[in-house]
Amino acid sequence: MDENALNVEQPLREWLQKLTEEIIAGKRLSRSEAIALTNIEGEENILLLCAAADQVRQACCGNTVDLCSIVNVKSGNCSENCGFCSQSVHHPGNDSPVYGLKSKEEILAQAKAAEAAGAKRFCLVSQGRGIKYNSPKSSEFENILETVRQIVAETEIKPCCALGEVTAEQAKALKEAGVTRYNHNLEASENFYSQIVTTHSWQDRVETVKNLKAAGIQACTGGIIGMGESWEDRVDLALALRELKVESVPINLLNPRVGTPLGDRTKLDPIEALKAIATFRMILPEQILRYAGGREAVMGELQAMGLKAGINAMLIGHYLTTMGQPPEQDHAMLEKLGLQGGEAPIPQNS
């Protein structure tokens, strides 16, 4: 255990304040220090951790909350067996929509609606392992590239994509079309990954993130909390994201979907979710930490507390297969907290 790790003889508040000041000054936590944070128990003590994470967020990221919106451009019948997802052909969830690639006109209209709702980025999300594996006869990738070009030409919103695994060449084509950020989650630690997905590997995901970064595209890469992983797994995921120097980290809170292998899991306790968020912020002081799927379902009336525990970004509007709350409600929440929607600063070390 590092000398700065939690010592029962040292008051928690003092230890956290010292650690916070060191992180703001440029220190990065070791694995043992990060694990020590996860050993903090009790709501009152966890709220002290949240306050420390909020200090780090303010110092390293400021008060602008990065707002983005997503659209499911192709849904259902996915070849992969991710245990949390209702779009898998292996375990289609109840009421999960199935449709082919939406038209350019429909996606463009949704991009304009997202811009009107205050989003600064708009992500085109498609099911499947990735365009890397598309048939040579498939025109889907070129259709998506053309849609991205139209969004760039007709709106001020910045198009992002989440199309699964990509080759280095495909990453370059996305960059040339106007994509500056790409979502490709690691979902979990390398150690836990095979317990939720077996049709592809964790390293497959990492390879795509590296391809994107090499092409000059920012990585929006995070995971899901609440799938049965340990605190060590959560720390290892955050450390892997730090090592990859990803810019944006979506933190999804599992909202169990009926019909999926994880459908009978109990939802996270909101205080545990806050502890996870705060721990990620302490490990990733400059990264954009994004409230993603499950925040309404898991956090409920405590949603705002996440924004005072390290979060500095969020999806607004609806998700892939579930509904979100009205954007007006999100804007009101930000205003009440003294925060403003916009574009958060990009980490300097990425």
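Structure report, in brief. (Residues numbered from 1 in each chain as written. Predicted model: local features only at pLDDT ≥ 70, side-chain atom pairs only at ≥ 80, totals over all residues. Heavy atoms only, no water.)

For the structure shown, the criterion picks out 24 salt bridges. Put simply, K27 and E33 hold a salt bridge, and the shortest N to O gap is 3.1 Å. Here R129 and E165 are joined by a salt bridge, their closest N and O atoms 2.9 Å apart. On the criterion of sequence distance, the pair formed by R129 in the loop between β2 (121-126) and α5 (140-154) and E165 in the loop between β3 (158-162) and α6 (168-177) is long-range, its members being 36 residues apart. Bridged by salt links that share partners, the residues D54, R57 and K308 form one connected network. (Salt bridge = Lys/Arg side-chain N within 4 Å of Asp/Glu carboxyl O. Helix = DSSP H or I, 4+ residues; strand = E, 2+ residues; numbered from the N terminus.)

Glycine aside, negative phi is the norm for most residues, and most peptide bonds take the trans geometry. Although it is not a glycine, E187 adopts a positive phi angle of roughly 70 degrees. Assignment of secondary structure puts E187 in the loop between β4 (181-183) and α7 (190-193). The exposure class of E187 is buried, given its relative accessible area of 9%. One non-glycine residue, K245, lies in the positive phi region at around 55 degrees. Inspection of the secondary structure assignment puts K245 in the loop between α9 (231-244) and β7 (248-253). (Buried < 20%, exposed > 50% of the residue type's maximum accessible area, 1.4 Å probe, protein only.)

Across the five residues that make up β3, a large majority, four, are buried. Across five bridges, β2 lies against β3 in parallel orientation. Bridge assignment links L124 to a residue of β3, and that residue is C161. The parallel pair β2 and β3, bridged by α5, forms a crossover whose chirality is right-handed. (Pairing = 2+ DSSP bridges. Right-handed = clockwise from strand over helix to strand, strands pointing away.)

Below, the discussion takes up the nonpolar core. Grouped together as the largest cluster of nonpolar side chains are 98 residues, with contacts concentrated most on L124, L174, F280 and M282. Residue contributions to this core peak at nine residues, all from helix α10 (residues 270-283). Sequence-distant contacts of F280, that is, excluding residues within four places in its chain, are made with I225, R234, L237, A238, L241, V249, I251 and L289. (Core = buried A, V, L, I, M, F, W, Y, C linked by side-chain atoms within 4.5 Å. Contact = heavy atoms within 4.5 Å.)

Two elements in contact, α5 and α6, have axes separated by 9 Å at closest approach and are oriented at 25 degrees. Accordingly, the angle class assigned to the pair α5 and α6 is roughly parallel. Of the residues in α6, those touching α5 at F141, L145, V148, R149 and V152 are Q170, A173, L174 and A177. (Axes fitted to C-alpha atoms, helices over the stretch in contact; angles between N-to-C directions. Parallel < 35°, antiparallel > 145°, perpendicular 65-115°, else oblique.)

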